[in-house]
Structure formats: structure tokens, C-alpha cells
Amino acid sequence: MINRRNYVRYIMEVKVSIKTEGDAPKTMVGEVLDLSSIGWGAIFKENIAINTIIQFDLTSNFLDGHLEGKAKIVHVSQQRESGGKGFRIGVEFIQADKGIVSRFISEKQRIARQEQIRVLEAERKKQQSQGSDIGPF
């Protein structure tokens, strides 16, 4: 997908619940794919019109607390997913606590760094154990 935000996107595994504003409010649940300092992208089963104003609530299993706010739908494209069709939605923040956005991003980066260290240490141990069979030289 083309990066329309011009900001770094951080891959997230976060649940989102939204409620559309207007005459016929609708509540939907989706999966956030990425988060940036100015918005997020997600997959929903149903389409949402561009320029729709929504209230949102992002929750994760890696951070206590929620990211709640108000946003505008700025991009919609139909996607094929394993369970059928879905819609990729791009959202731009209207109102959101930037401190909580930063906490989501920082915690996800910290977890990713820990995973990288774990993988590197496992690889190093594997190489050391393979090298011990051939002798000191």
C-alpha cells in the first residue's frame, strides 16, 4: 500500500472499536495493522465512507490503558483476506492523546527489540554449541 501519511508506520497488533458519528451511528470492531503519530490503518469487515468522523478506542495486550479519540476516515480500499473480503481503512487523528500514542509506539518498539535480542542470543548459543565439537582450533 502506498504510504499516504508521510510518517513512519509502526506495525501493531491492536484491537479497535469505532463508533461513527451522524444521523445513523454504527459501532464496528476491527484489527489495527499500523499506527503512526498522526493516524492508524486497520481492517474492517464493513466499508466506511471517506470523510466519516468516528470515535475510536484502541486496546492492546502489551500495554495497560486505551488510546481513545476522534478521527476522520481518509482512505478506504477493498482487501481480500483469508476469511473473505474486508476493507483497509486509513484514519487521521482529529483528537487523540499524543502521549498515549507515543506510549503505544514505544512499548511496541521495546517488545520488538527484546525479541530481536532473544533471537540473536539463541543464534549465538546455537553457533557456540556447534563450534564446540570441532576442538579449540
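Structural data are supplied above this passage.
Residues numbered from 1 in each chain as written. Predicted model: local features only at pLDDT ≥ 70, side-chain atom pairs only at ≥ 80, totals over all residues. Heavy atoms only, no water.

### Overview of the overall build of the protein chain
Counting its secondary structure elements, the protein chain contains 1 helix and 6 strands. In the protein chain, the succession of helices and strands from N to C terminus is β-β-β-β-β-β-α. A total of 137 residues make up the protein chain; the buried ones form 31% of that total. In the protein chain, once contacts between residues fewer than 6 apart in sequence are set aside, the share between residues at least 24 apart is 55%. Here the protein chain has roughly 8,900 Å² of accessible surface; of this, 50% comes from carbon and sulfur atoms. (Helix = DSSP H or I, 4+ residues; strand = E, 2+ residues; numbered from the N terminus. Buried < 20%, exposed > 50% of the residue type's maximum accessible area, 1.4 Å probe, protein only. Contact = heavy atoms within 4.5 Å. Areas by Shrake-Rupley, 256 points an atom, 1.4 Å probe, with all protein chains shown as cover.)

### Some details on the pairing of strand E4 (residues 53-59)
On E4, burial follows the alternation: Ile54, Phe56 and Leu58 on one face are buried, whereas Ile53, Gln55, Asp57 and Thr59 on the facing-out side are not. As paired elements, strand E1 (residues 10-20) and E4 share 6 bridges and run antiparallel to each other. The residue bridging Ser17 from the neighbouring strand is Asp57, located in E4. (Pairing = 2+ DSSP bridges.)

### Some words on the packing of aromatic side chains
Considering all chains together, one arrives at 2 aromatic pairs under this definition. A centroid spacing of 5.8 Å and a plane angle of 70° characterise the contact between Trp40 and Phe56, whose relative ring orientation is edge-to-face. Placement of Trp40 in strand E3 (residues 39-44) and of Phe56 in strand E4 is noted, with a sequence separation of 16 residues between them. Using a relative accessible area of 3% as the deciding quantity, one classes Phe56 as buried. (Phe/Tyr/Trp six-rings, centres within 6.5 Å; stacked < 30°, edge-to-face > 60°.)

### Topic: the environment of Gly90
Relative to the elements of secondary structure, Gly90 occurs in strand E6 (residues 84-96). Residue classification places Gly90 among the buried positions, given a relative accessible area of 8%. Residues Gly90 and Gly41, spaced 49 residues apart in sequence, show a C-alpha to C-alpha distance of 4.5 Å. In this structure Gly90 touches Trp40, Lys72, Ile73, Val74 and His75, once residues within four positions along its chain are discounted.

### Here's the deal with the environment of Phe104
Along the chain, the position of Phe104 falls in helix H1 (residues 98-131). When residues no more than four places from it in sequence are discounted, the contact partners of Phe104 are Met12, Val14, Leu35, Leu58, Ser60, Phe62, Leu63, His66 and Leu67.

### Details of the pattern of salt bridges
Close approach of charged atoms lets side chains of opposite charge pair. A complete count under the given rule lists 7 salt bridges for this structure. Across the pair Asp34 and Arg88 runs a salt bridge whose closest N-O atoms are separated by 2.7 Å. One end of the pair, Asp34, is in strand E2 (residues 27-35); the other, Arg88, is in strand E6, and 54 residues separate them in sequence. Judged on exposure class, the residue Asp34 and its partner Arg88 are both buried. Overlapping salt bridges bring together Arg9, Asp34 and Arg88 as one network. (Salt bridge = Lys/Arg side-chain N within 4 Å of Asp/Glu carboxyl O.)

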